[in-house]
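Remarks on the overall topology
The lines below spell out each chain.
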Amino acid sequence: MKKCNKAGLIIGIVTIAAAVATAVTAILLFLDRKKKDEEELERYLDCSIQ
């Protein structure tokens, strides 16, 4: 019974770590995309003004 509890605990920790890593990656990708969109818009506005 103890081995089963330890295995479950390890699987739970690995699952939580994977979920946190996925969330951080998603946030970073979202912020990077937002930054690129703003740069593209700024470049478009600069070109349209000239």
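My aim in this report is to walk through the structure given alongside it, one point at a time. Remember, predicted model here, so these are calculated numbers, not experimental data.

1. Notes on the overall build of the protein chain
What the protein chain contains, in helices and strands, is one helix and zero strands. For the C-alpha atoms alone, the extent of the protein chain along its principal axes is close to 75 × 5 × 5 Å. Taken over 50 residues, the protein chain has a buried fraction of 0%. As displayed, the protein chain offers around 4,900 Å² of accessible surface, 69% of which is attributable to carbon and sulfur atoms.

2. Description of the environment of glutamate 42
Here glutamate 42 lies in helix α1 (residues 2-49). When its relative accessible area of 51% is taken as the criterion, glutamate 42 is described as exposed. Separated by 15 residues in the primary sequence, glutamate 42 and isoleucine 27 have C-alpha atoms spaced 23 Å apart.

3. Considerations on the environment of alanine 7
Note on placement: alanine 7 falls in helix α1. Along the primary structure alanine 7 and alanine 26 are separated by 19 residues, whereas in three dimensions their C-alpha atoms are 29 Å apart.

4. Describing the pattern of salt bridges
Throughout the structure, instances matching the rule amount to two salt bridges. Between aspartate 32 and lysine 36 there is a salt bridge, and its shortest N-O distance comes to 3.6 Å. Taken together, the positions of aspartate 32 and lysine 36, both in helix α1 and four residues apart, correspond to about one turn of that helix. A salt bridge links aspartate 37 to arginine 33; the shortest N-O distance between them is 3.4 Å. Linking aspartate 37 with arginine 33, this pair stays in helix α1, spanning four residues, or about one helical turn. Look at aspartate 37 and you get partly exposed, because its relative accessible area is 36%.

5. Brief notes about a nonpolar patch on the surface
Taken together, the side chains of Ile16, Val20, Val24 and Leu28 make up a nonpolar region of the molecular surface, amounting to roughly 380 Å² of accessible area. Looking at the secondary structure, you find valine 20 in helix α1. Given a relative accessible area of 47%, valine 20 falls into the partly exposed group.

Calculation criteria
- Residues numbered from 1 in each chain as written.
- Predicted model: local features only at pLDDT ≥ 70, side-chain atom pairs only at ≥ 80, totals over all residues.
- Heavy atoms only, no water.
- Helix = DSSP H or I, 4+ residues; strand = E, 2+ residues; numbered from the N terminus.
- Buried < 20%, exposed > 50% of the residue type's maximum accessible area, 1.4 Å probe, protein only.
- Areas by Shrake-Rupley, 256 points an atom, 1.4 Å probe, with all protein chains shown as cover.
- Salt bridge = Lys/Arg side-chain N within 4 Å of Asp/Glu carboxyl O.
- Patch = residues over 30% accessible without salt bridge, like charges linked within 9 Å, V, L, I, M, F, W, Y side chains within 5 Å.

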